Amino acid sequence: MAQLTMLKEVVKSLFSKPSTEPLAEVEKGVFSPYSRGYPVLIPEKCTGCSLCAMNCPSNAITMKIVGEKNVGGRTLPVRRPEFNYFKCIYCGLCAQVCQFNAIEMRRELVILRPGSKC
Ligand code: SF4
Ligand code: SF4
């Protein structure tokens with residue numbers, strides 16, 4: 001009897017619409033008009049000053065070493081912020097405090113998965 005019920009469910013699900021949204025539809029969306037969007041780094045404008053990371057209220061920014069530069073004969077690390085979108089509360093403070101306009105709050109929706117990086 002249980003097998004018959006299960007078989008009915010299987011047949012029914014074969015002819016019903018999927019219960020999830022197709023991914024492509026979601027990818028075309030934008031953030032709500034009531035949201036500030038999400039922070040994205042413009043690397044060529046960034047000086048690596050860390051002001052954004054120091055001011056982030058949810059510790060969602062980590063300064064990562066991405067290379068080296070030579071300053072006056074000394075080799076110094078080049079640091080750039082990396083956003084953890086799972087900690088981010090999308091407040092936009094990082095973009096506000098950046099003196100070099102190196103962070104942009106974007107509104108186009110992207111699909112974020114664990115390990116997503118800016
Ligand atoms: S994004 Fe702006 S505030 Fe953050 S490290 Fe770069 S220059 Fe500094
Ligand atoms: S938007 Fe707000 S929470 Fe997100 S990284 Fe910037 S300062 Fe941090």
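Here, every reference points to the structure presented above.
Owing to the predicted nature of the structure, the values given are computational and were not obtained by experimental measurement.

Draft legend 1. Focus on the site of ligand 1. Around ligand 1, 14 residues are found, and the nearest of them are Cys46, Cys49, Ser50, Cys52 and Cys98. Split by residue class, the shell around ligand 1 holds 11 nonpolar, 3 polar and no charged.

Draft legend 2. Up close: the packing of aromatic side chains. Inspection of every chain in the model, using the stated rule, returns 2 aromatic pairs. Taking the centre distance of 6.0 Å and the plane angle of 80° together, the rings of tyrosine 38 and tyrosine 85 count as edge-to-face. Residue tyrosine 38 is found in strand 1 (residues 38–41), and its partner tyrosine 85 is found in the loop between strand 3 (74–83) and helix 4 (93–97); the two are separated by 47 residues along the sequence. Tyrosine 85 shares its class with tyrosine 38; the two are buried. With a centroid separation of 6.1 Å and 20° between ring planes, the pair formed by phenylalanine 83 and tyrosine 85 is classed as stacked. A relative accessible area of 4% places phenylalanine 83 in the buried class. Residue class for tyrosine 85 comes out buried when judged on its relative accessible area of 7%. Following the ring pairs from residue to residue traces out a cluster consisting of Tyr38, Phe83 and Tyr85.

Reading guide: rules and limits
Residues numbered from 1 in each chain as written. Chains lettered and ligands numbered in written order. Predicted model: local features only at pLDDT ≥ 70, side-chain atom pairs only at ≥ 80, totals over all residues. Heavy atoms only, no water. Near = heavy atom within 4 Å. Nonpolar A, V, L, I, M, F, W, Y, C, P; charged D, E, K, R; others polar. Phe/Tyr/Trp six-rings, centres within 6.5 Å; stacked < 30°, edge-to-face > 60°. Helix = DSSP H or I, 4+ residues; strand = E, 2+ residues; numbered from the N terminus. Buried < 20%, exposed > 50% of the residue type's maximum accessible area, 1.4 Å probe, protein only.

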